[in-house]
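A closer look at the structure
Residues per chain, in single letters:
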Amino acid sequence: MIARAWRALRTGFAFAVFGLYSLGIFATAVPWVRLVHRDPVDRQLRVQATVNRAFRHFFLLLGALGLARIRVENPEKLREPGVLVMANHPTLIDAVGILGQMPHAVVVTKHDNQTNFFMGGTVRGAGYISNRDSRTMVSEAAARLRMGHSVVLFPEGTRSPKGGLGEFQRGAVRIALEAGRDIIPIVITCDPPTLMKNQPWWDVPDRPFEYTLRSATPIALGPYMEAMEAGEPRARAARRLNAELRELFEKALGLDV
């Protein structure tokens, strides 16, 4: 019990540092970028680069505190420009883990994060996309991809249920079809499970968790685009693509298909 309490204390310290870091970005980096750089797109890229460094440092802190062992497989795929990344969402820190590997990227995030006391200013400054309205989300994310920007999203829309996957929202694949961009699936595993949905942060495991980000084989959009050009309704193509995406994650996670 003492060891677990000590681990919970270190976890709380890590999240406190993360919160202060987020406030620091909003209070210093975002205003400085606005002052120095006039172009809105350039401003967002600068803030994204700052977020990338901060999130990478947070994961280094988790390792230094003996809370986690982090492994990233095939990170070079995440660092290419203009990629569409889709990931499962087992823990609270998945967006942090992915964006910490991508120097420039926008993430589709809950609208509440734009008004969050700690993160709101940074979320807005980095140009992250709200999921409040699905049509706006799809068109904005597709437009960013066509501009050559990278986009990260979680098809489940929220954290996964324990030991499984939630329902995949079709807005994710609609973005891929709208932009005609191949999907890079990122398979995330965490052992033992922690920071799950409805699990308080202080409910920590009794050993460091093994956290892995693995880039799976990309899903090519060419066949789907050709099928739509040949007359297949977009809604049907979206259903097929959604099913293929979910099957990939189920197999990669060893779930019953």
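Our structure's up above, just so we're on the same page.
Figured I'd write up the structure that's included with this text. (Residues numbered from 1 in each chain as written. Predicted model: local features only at pLDDT ≥ 70, side-chain atom pairs only at ≥ 80, totals over all residues. Heavy atoms only, no water.)

Turning next to the packing of helix H1 (residues 2–36) against helix H2 (residues 40–64). At a closest axis distance of 10 Å, the pairing of H1 and H2 adopts a crossing angle of 160°. Taken as axis vectors, H1 and H2 run roughly antiparallel relative to one another. Handedness of the H1/H2 crossing: right-handed. Within the contact between the two elements, H1 uses Ala 14, Phe 15, Val 17, Phe 18, Tyr 21, Ile 25, Ala 29, Val 30, Val 33 and Arg 34 and H2 uses Arg 43, Arg 46, Val 47, Thr 50, Val 51, Ala 54, Phe 55, His 57, Phe 58, Leu 61 and Leu 62. Counted by class, the contact of H1 with H2 contains 16 nonpolar, two polar and three charged residues. (Axes fitted to C-alpha atoms, helices over the stretch in contact; angles between N-to-C directions. Helix = DSSP H or I, 4+ residues; strand = E, 2+ residues; numbered from the N terminus. Parallel < 35°, antiparallel > 145°, perpendicular 65-115°, else oblique. Left-handed = near helix turned anticlockwise from the far one by under 90°. Contact = heavy atoms within 4.5 Å. Nonpolar A, V, L, I, M, F, W, Y, C, P; charged D, E, K, R; others polar.)

The next point concerns the pairing of strand S2 (residues 84–87). Residues Leu 84 and Met 86 of S2 are buried on one face, and the alternating residues Val 85 and Ala 87, pointing to the opposite face, are buried as well. Here S2 runs beside strand S5 (residues 151–153); their pairing, made up of three bridges, is parallel. Bridge pairing in S5 places Leu 84 opposite Val 151. By the bridge criterion, four bridges tie S2 to strand S6 (residues 183–191) in an arrangement that is parallel. Opposite Ala 87, over in S6, you have Ile 186 as the bridge partner. (Buried < 20%, exposed > 50% of the residue type's maximum accessible area, 1.4 Å probe, protein only. Pairing = 2+ DSSP bridges.)

The nonpolar side chains of a soluble globular protein tend to be buried with one another. Counting residues in each nonpolar core, the largest one holds 73 residues, and the members touching the most others are Leu 84, Val 85, Ile 98, Ile 183, Ile 186 and Leu 241. At eight residues, the largest contribution of residues to this core is made by H2. (Core = buried A, V, L, I, M, F, W, Y, C linked by side-chain atoms within 4.5 Å.)

For the rest of this paragraph, the subject is the sheet that holds S6. Strands sit in the order S1-S7-S6-S2-S5-S3-S4 across an open sheet of seven strands; the sheet is mixed. Looking at the sheet topology across the chains shown, the edges are occupied by strand S1 (68–73) and strand S4 (129–130). With respect to the sheet, H2 is in contact with S1, strand S3 (106–109) and strand S7 (209–215), its orientation differing from that of S1 by roughly 130°.

Take the packing of helix H6 (residues 171–179) against helix H8 (residues 234–252) next. The contact between H6 and H8 brings their axes to 9 Å, and the two run at 120°. The pairing of H6 with H8 is recorded here as oblique in orientation. Between H6 and H8 lies a crossing whose hand is right-handed. Seen from H6, the contacting residues are Val 173, Ala 176, Leu 177 and Glu 178; seen from H8, they are Arg 234, Ala 237, Ala 238, Leu 241, Asn 242 and Leu 245.

Counting through the fold element by element, Val 187 comes out in strand S6. Each residue touching Val 187, except ones within four places of it in the same chain, is listed here: Asn 88, Thr 212, Leu 213, Arg 214, Ala 216, Phe 249, Ala 252 and Leu 253.

All buried positions along helix H7 (residues 222–229) are accounted for by Tyr 224, Ala 227 and Met 228. Looking straight down H7, one finds that the buried residues subtend no more than 95° of arc, so they occupy a single side. Residues Pro 223, Glu 226 and Glu 229 are exposed on H7 and point more than 90 degrees away from its buried face. Of the surrounding elements, those touching the buried residues of H7 are H6 and H8. Just downstream of H7, Gly 231 is the residue with a positive phi angle, here 120°. (Arc of directions from axis to C-beta.)

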